[in-house]
Amino acid sequence: MAEVKLINVSKIYEGGNKAVKEVNIEIREKEFVVLVGPSGCGKSTTLRMIAGLEEISEGELFIDGKLVNDVSPKDRDIAMVFQNYALYPHMTVYDNMAFGLKLRKFSKQEIKERVLNAAKILGIEEYLDRKPKALSGGQRQRVAVGRAIVRKPKVFLFDEPLSNLDAKLRVQMRTEISRLHRNLSATMIYVTHDQTEAMTMGDRIVIMKDGVVHQVDTPLNLYNNPVNKFVAGFIGSPSMNFVDGTLLSENGSILFKSLGGELNLNLNNTLKAKVAHLTGKEITLGIRPENIHTSNSGGTSDYQSVKTILDVVEPMGNEIFIYFNLDQNQVTARIGAATKPEPGSEVSLYFDSGKLHFFDKETGLAIN
């Protein structure tokens, strides 16, 4: 296995369109790193530059300490799993998995051992004599992964490999790829637009937007300490709620007052110290749906109440999503299923002021 290092890597297309802008990422040996972001953010282009399928316009790419900007894809010792499987329809599963090894002049015995071992790992031994058209989507994806495994590459690259599968199969394949990473102790780089995949699979996550890397961190740190409003809103489902307002100093207390005056929160001592220098300024408050409650069960002063009329109630089985309007912003709360509020009813909701996030209204940067 090998480390991968991108230093100021950019991709510029004809006409000056800069699809990827000065990306700096260091992927450690045996690490599972996920590139995630909305469509068009540059994550797949970045992966294709690592694979050698896209030319690097600016910057340097190192694999296992070797500069590979001008090294052809076949000589980079990487294996890529594509979204559309890219299997040869006229070949059996065995031949699809063996094809790359045959081109590299491996012996028949070595090819057989590698293919059978990969098939065993992926549970597709009984399908080796079948052709791709006789397989389900999940089985085809396993074959595509198996074709990568037999190569024993330094780096595995995955380009949205689960997007063509149904929800149940995606969850199953997600766990299988994570298990595969542990068993192979492999360096893996995985691209997805699905933040749930990113959060559940990655050792670290690279958040991208408009060709720019916004944050590289562990899933937990991304969730708890987003560097800006975009990252905060992208990570978490349902996404973080945002309300614009002003910080006011009154009688030794610091209050957050929303612009429409509907939300008035008294900040705890930790937050007071954090934002005291911003009193009198407009900022953006962020709070996650799971930090809005229907009762102050702990009886603490950190829970600030607001009365509101529920707009929509969505039962999800083990929990309920409720939606309401606050200063012309739709706000979502995630509450336990034991509470059964009705749409149109007036309820008191409690904001955990110890779990608030604050962002600069102009730049979107987190206020730390």
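All values reported here derive from a predicted model rather than from experimental measurement.

Visitor: Quick question: what am I supposed to make of the side chain of Arg-114 here?
Guide: As for its position among the elements, Arg-114 is in helix H3 (residues 108-122). On the basis of relative accessible area, Arg-114 is assigned to the buried category, the value being 14%. Polar contacts involving the side chain of Arg-114 include one to the side chain of Glu-110, which spans 2.8 Å. When neighbours within four sequence positions are excluded, Arg-114 is seen to be in contact with Leu-101, Phe-106, Val-150, Arg-151 and Lys-152.

Visitor: Please explain the side chain of Arg-204 as it appears in this structure.
Guide: Structurally, Arg-204 is set in strand S9 (residues 204-209). For Arg-204, a relative accessible area of 14% gives the class buried. Engagement of the side chain of Arg-204 in a polar contact is seen with the side chain of Glu-31, the distance being 2.5 Å. When near neighbours in sequence (up to four residues on either side) are disregarded, Arg-204 contacts Glu-26, Ile-27, Arg-28, Glu-31, Phe-32, Val-33, Val-34, Val-216, Asp-217 and Thr-218.

Visitor: Just to check I follow, could you spell out the layout of surface pockets for this structure?
Guide: Put simply, the largest pocket is a space of about 510 Å³. What lines the largest pocket is a set of 20 residues, and nearest its centre among them are Met-80, Phe-82, Arg-104, Arg-147 and Arg-151. Among the elements of the structure, strand S6 (78-81), helix H2 (93-103) and helix H4 (137-149) are those that each provide at least two residues to the lining of the largest pocket. Per element, the largest residue contribution to the lining of the largest pocket is 5 residues, and it comes from H2. Partitioned by chemical class, the residues of the lining of the largest pocket number 14 nonpolar, 2 polar and 4 charged. By volume, the second largest pocket amounts to about 270 Å³. Surrounding the second largest pocket, 18 residues form its lining, Asn-224, Asn-225, Lys-355, Leu-356 and His-357 being those nearest its centre.

Visitor: Would you mind showing me how to read the sheet that holds strand S11 (residues 241-250) here?
Guide: To summarise the sheet geometry, strands pair through backbone hydrogen bonds and adopt either a parallel or an antiparallel arrangement. The strand order across the open sheet built from 5 strands is S13-S12-S11-S14-S20, with neighbouring strands paired in antiparallel fashion. Only two strands of the sheet have a single neighbouring strand rather than two, namely strand S13 (264-266) and strand S20 (357-360). On average, each strand axis in the sheet is tilted by 40° relative to the strand beside it, whichever way the strands run. Two elements, S11 and strand S14 (residues 282-287), share 6 bridges in a ladder whose sense is antiparallel. In the strand pairing of S14, Gly-245 is matched with Ile-283.

Visitor: I keep staring at helix H1 (residues 43-51) and nothing clicks. Help me out?
Guide: Burial of H1 is extensive: 7 of the 9 residues sit out of reach of the surface. Of the residues making up H1, those classed as buried are Lys-43, Thr-45, Thr-46, Leu-47, Met-49, Ile-50 and Ala-51. Just downstream of H1 lies Gly-52, where phi reads positive at about 90°.

Visitor: Just to check I follow, could you spell out unusual backbone geometry for this structure?
Guide: As a rule of thumb, non-glycine residues mostly have phi less than zero, and peptide bonds are mostly trans rather than cis. Ser-237 connects to Pro-238 through a cis peptide bond whose omega is -5°. Within the secondary structure, Pro-238 sits in the loop between helix H8 (229-234) and S11. One non-glycine residue, Lys-152, lies in positive phi territory at about 50°. With respect to the secondary-structure elements, Lys-152 resides in the loop between H4 and strand S7 (155-159). Classification of Lys-152 as exposed rests on a relative accessible area of 54%.

Visitor: Which parts of the structure should I look at to understand the packing of H4 against helix H5 (residues 167-184)?
Guide: When two helices pack together, their arrangement is given by the angle between their axes and by how far apart the axes lie. Taken N-terminus to C-terminus, the directions of H4 and H5 make an angle of 15°; their axes are 11 Å apart at the nearest point. In terms of orientation, H4 and H5 fall into the roughly parallel class. Seen from above, H4 lies across H5 with right-handed handedness. Listed contacts from H5 to Gly-138, Gln-141, Arg-142, Val-145 and Ile-149 of H4 are Leu-169, Gln-172, Met-173, Glu-176, Leu-180 and Leu-184. Residues that form the contact of H4 with H5 fall into these classes: 6 nonpolar, 3 polar and 2 charged.

Visitor: What is the right way to read the pattern of salt bridges from this model?
Guide: Pairs can form between side chains of opposite charge whenever their charged atoms are close. If you walk through the whole model with that rule in mind, you get 12 salt bridges. One salt bridge connects Arg-48 with Glu-54, and the closest N-O pair in it is separated by 3.7 Å. What makes Arg-48 partly exposed here is its relative accessible area of 28%. Here Glu-54 falls in the buried class, since its relative accessible area comes to 19%. What emerges from the salt-bridge pattern is a single network uniting Lys-11, Arg-48 and Glu-54.

Parameters at a glance
Residues numbered from 1 in each chain as written. Predicted model: local features only at pLDDT ≥ 70, side-chain atom pairs only at ≥ 80, totals over all residues. Heavy atoms only, no water. Helix = DSSP H or I, 4+ residues; strand = E, 2+ residues; numbered from the N terminus. Buried < 20%, exposed > 50% of the residue type's maximum accessible area, 1.4 Å probe, protein only. Polar contact = N/O pair within 3.5 Å; in protein donor to acceptor, adjacent residues only side chain to side chain. Contact = heavy atoms within 4.5 Å. 1 Å grid on protein atoms, 1.4 Å probe; cavity = no way out; pocket = protein on both sides within 12 Å on 5 of 7 lines; lining within 4 Å. Points joined across faces, edges and corners; volume = space filled by probe spheres on them. Nonpolar A, V, L, I, M, F, W, Y, C, P; charged D, E, K, R; others polar. Pairing = 2+ DSSP bridges. Axes fitted to C-alpha atoms, helices over the stretch in contact; angles between N-to-C directions. Parallel < 35°, antiparallel > 145°, perpendicular 65-115°, else oblique. Left-handed = near helix turned anticlockwise from the far one by under 90°. Salt bridge = Lys/Arg side-chain N within 4 Å of Asp/Glu carboxyl O.

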